[in-house]
Amino acid sequence: GAGVSQSPSNKVTEKGKDVELRCDPISGHTALYWYRQRLGQGLEFLIYFQGNSAPDKSGLPSDRFSAERTGESVSTLTIQRTQQEDSAVYLCASSFPGGPGLGELFFGEGSRLTVL
Amino acid sequence: GDSVTQMEGPVTLSEEAFLTINCTYTATGYPSLFWYVQYPGEGLQLLLKATKADDKGSNKGFEATYRKETTSFHLEKGSVQVSDSAVYFCALSGYSSYKLIFGSGTRLLVRP
């Protein structure tokens with residue numbers, strides 16, 4: 001499709017396991033964002049990519065979290081040794097260069113992660 | 001740092017009622033302001049935006065005016081429909097900033 005695609009849509013894992021969440025942005029969008037939404041809370045910024053580089057990783061909550069992007073396209077968010085507090089919906093968004101001040105962020109439907 | 005505060009929900013209204021969802025912000029400089037909406041089972045999508053003071057954003061019957069003197073960007077609609085039931089997020093972006101800072105979201109439920 002033409003929108004931002006995320007997978008899996010739902011993931012249930014056991015505490016201590018590693019998980020990978022995938023985001024496929026809209027073709028031509030060089031900017032890519034990951035946000036986290038915990039139950040009843042707002043969207044929490046995690047990381048921003050411009051092309052394949054990540055000039056802002058300031059929102060990653062710990063060194064268990066990492067993300068990469070290849071080919072100015074697909075991005076993967078990896079959470080190692082998951083904890084129960086990692087349970088949330090992880091949202092990916094993409095946009096043209098310039099960010100939201102100049103354009104619009106397009107969001108995927110999110111990956112819901114549940115850590116038991 | 002920059003932040004957004006919006007009224008807690010859920011907001012429950014009858015069809016054709018008037019809607020206001022309050023949003024206030026704290027930011028340095030002159031941010032751009034946004035309302036995003038998330039319908040059930042869908043991703044967030046831009047509803048409207050305003051990029052400078054006194055601008056009014058509008059879309060689908062919704063309006064919001066950028067009020068710098070009160071640092072507010074309240075969302076209004078004169079007559080809501082059942083199809084407007086969704087979660088509404090207020091957000092800001094600093095000038096030339098690459099990221100959005102979101103409020104906690106307000107769930108709207110419109111009853112027939």
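Our structure's up above, just so we're on the same page.
Residues numbered from 1 in each chain as written. Chains lettered and ligands numbered in written order. Predicted model: local features only at pLDDT ≥ 70, side-chain atom pairs only at ≥ 80, totals over all residues. Heavy atoms only, no water.

Draft legend 1. Representation of the nonpolar core in the model. In this structure, Leu19(B), Trp35(B), Leu47(B), Leu48(B), Phe73(B), Leu75(B) and Tyr88(B) are the most contacted members of the largest nonpolar core, which totals 26 residues. Contacts of Phe73(B), omitting those with residues within four sequence positions, involve Cys23(B), Leu33(B), Phe34(B), Trp35(B), Leu48(B), Lys49(B), Ala50(B), Ala64(B), Thr65(B), Tyr66(B) and Cys90(B). With 20 residues, the next largest nonpolar core counts Tyr33(A), Phe107(A), Phe89(B) and Ala91(B) among its residues. (Core = buried A, V, L, I, M, F, W, Y, C linked by side-chain atoms within 4.5 Å. Buried < 20%, exposed > 50% of the residue type's maximum accessible area, 1.4 Å probe, protein only. Contact = heavy atoms within 4.5 Å.)

Draft legend 2. Structural context of the sheet that holds strand 8 (residues 62-65) of chain B. Residue and element names in this part refer to chain B. Read across the sheet, four strands follow the order 3-9-8-7 without closing on themselves; strand pairing throughout is antiparallel. One side of each edge strand has no neighbouring strand; the edge strands of this open sheet are strand 3 (19-21) and strand 7 (56-59). The average angle at which neighbouring strand axes cross in this sheet is 20 degrees, direction not considered. Looking at chain direction, strand 3 and strand 9 (residues 75-77) are connected through three bridges and run antiparallel. Directly across from Ile 21, in strand 9, lies its bridge partner Leu 75. (Pairing = 2+ DSSP bridges. Helix = DSSP H or I, 4+ residues; strand = E, 2+ residues; numbered from the N terminus. Axes fitted to C-alpha atoms, helices over the stretch in contact; angles between N-to-C directions.)

Draft legend 3. Geometry of the interface of chain A and chain B. Across the boundary between the two partners, chain A contributes 22 residues, which contact 20 residues of chain B. Both faces considered, chain A and chain B share a buried interface measuring about 1,600 Å² in area, 56% of it formed by carbon and sulfur atoms. Here chain A is connected to chain B by one salt bridge. Between Asp56(A) and Lys99(B) there is a salt bridge, with its nearest N and O atoms 3.5 Å apart. Inspection of the region where chain A meets chain B yields two residue pairs in polar contact (both at pLDDT 80 or more). In terms of residue class, the side of chain A that touches chain B is built from ten nonpolar, nine polar and three charged. (Buried area = accessible area lost by both parts, 1.4 Å probe. Salt bridge = Lys/Arg side-chain N within 4 Å of Asp/Glu carboxyl O. Polar contact = N/O pair within 3.5 Å; in protein donor to acceptor, adjacent residues only side chain to side chain. Nonpolar A, V, L, I, M, F, W, Y, C, P; charged D, E, K, R; others polar.)

Draft legend 4. Expanded view of the pattern of salt bridges. If you walk through the whole model with that rule in mind, you get seven salt bridges over all chains. Across the pair Arg36(A) and Glu44(A) runs a salt bridge, and its minimum N-O distance is 3.1 Å. Salt-bridge contacts for Lys77(B) lead to Asp84(B); the nearest nitrogen and oxygen are separated by 2.8 Å. Relative accessible area serves as the criterion here: at 5%, Asp84(B) is assigned to the buried category.

Draft legend 5. Main features of the sheet that holds strand 1 (residues 5-7) of chain A. Residue and element names in this part refer to chain A. Reading across from one edge, 1-3-8-7 is the order of the four strands in this open sheet, with antiparallel pairing throughout. Strands with a single pairing partner mark the edges of an open sheet, and in this sheet they are strand 1 and strand 7 (65-69). When the angles between neighbouring strand axes are averaged without regard to direction, this sheet yields 15 degrees. In the sheet, strand 3 (residues 19-24) pairs with strand 8 (residues 75-79) via five bridges, with the strands oriented antiparallel. Paired with Val 19 across the strands is Ile 79, a residue of strand 8.

Draft legend 6. How the structure looks around the state of the cysteines. Residue and element names in this part refer to chain B. Following the criterion strictly, the structure yields two disulfides over all chains and no others. What pairs with Cys 23 in a disulfide is Cys 90, and their sulfur atoms sit 1.9 Å apart. On the S-S bond that ties Cys 23 to Cys 90, the torsion sits near -70 degrees, and the link is left-handed. One end of the pair, Cys 23, is in strand 4 (residues 23-26); the other, Cys 90, is in strand 10 (residues 86-93), with 67 residues separating them in the sequence. For Cys 23, a relative accessible area of 1% corresponds to the buried category. (Disulfide = S-S within 2.5 Å.)

Draft legend 7. Just the pairing of strand 8 of chain A, in detail. Residues and elements named next belong to chain A. Counting buried residues along strand 8, five of its five residues qualify, which places the element largely inside the surrounding structure. Sheet topology places strand 7 next to strand 8; five bridges connect them, and they run antiparallel. Each residue of the ladder has a partner; that of Phe 65, found in strand 8, is Ile 79. Between strand 7 and strand 8, which follow one another and run antiparallel, lie five residues, and Gly 71 among them has a positive phi close to 60 degrees.

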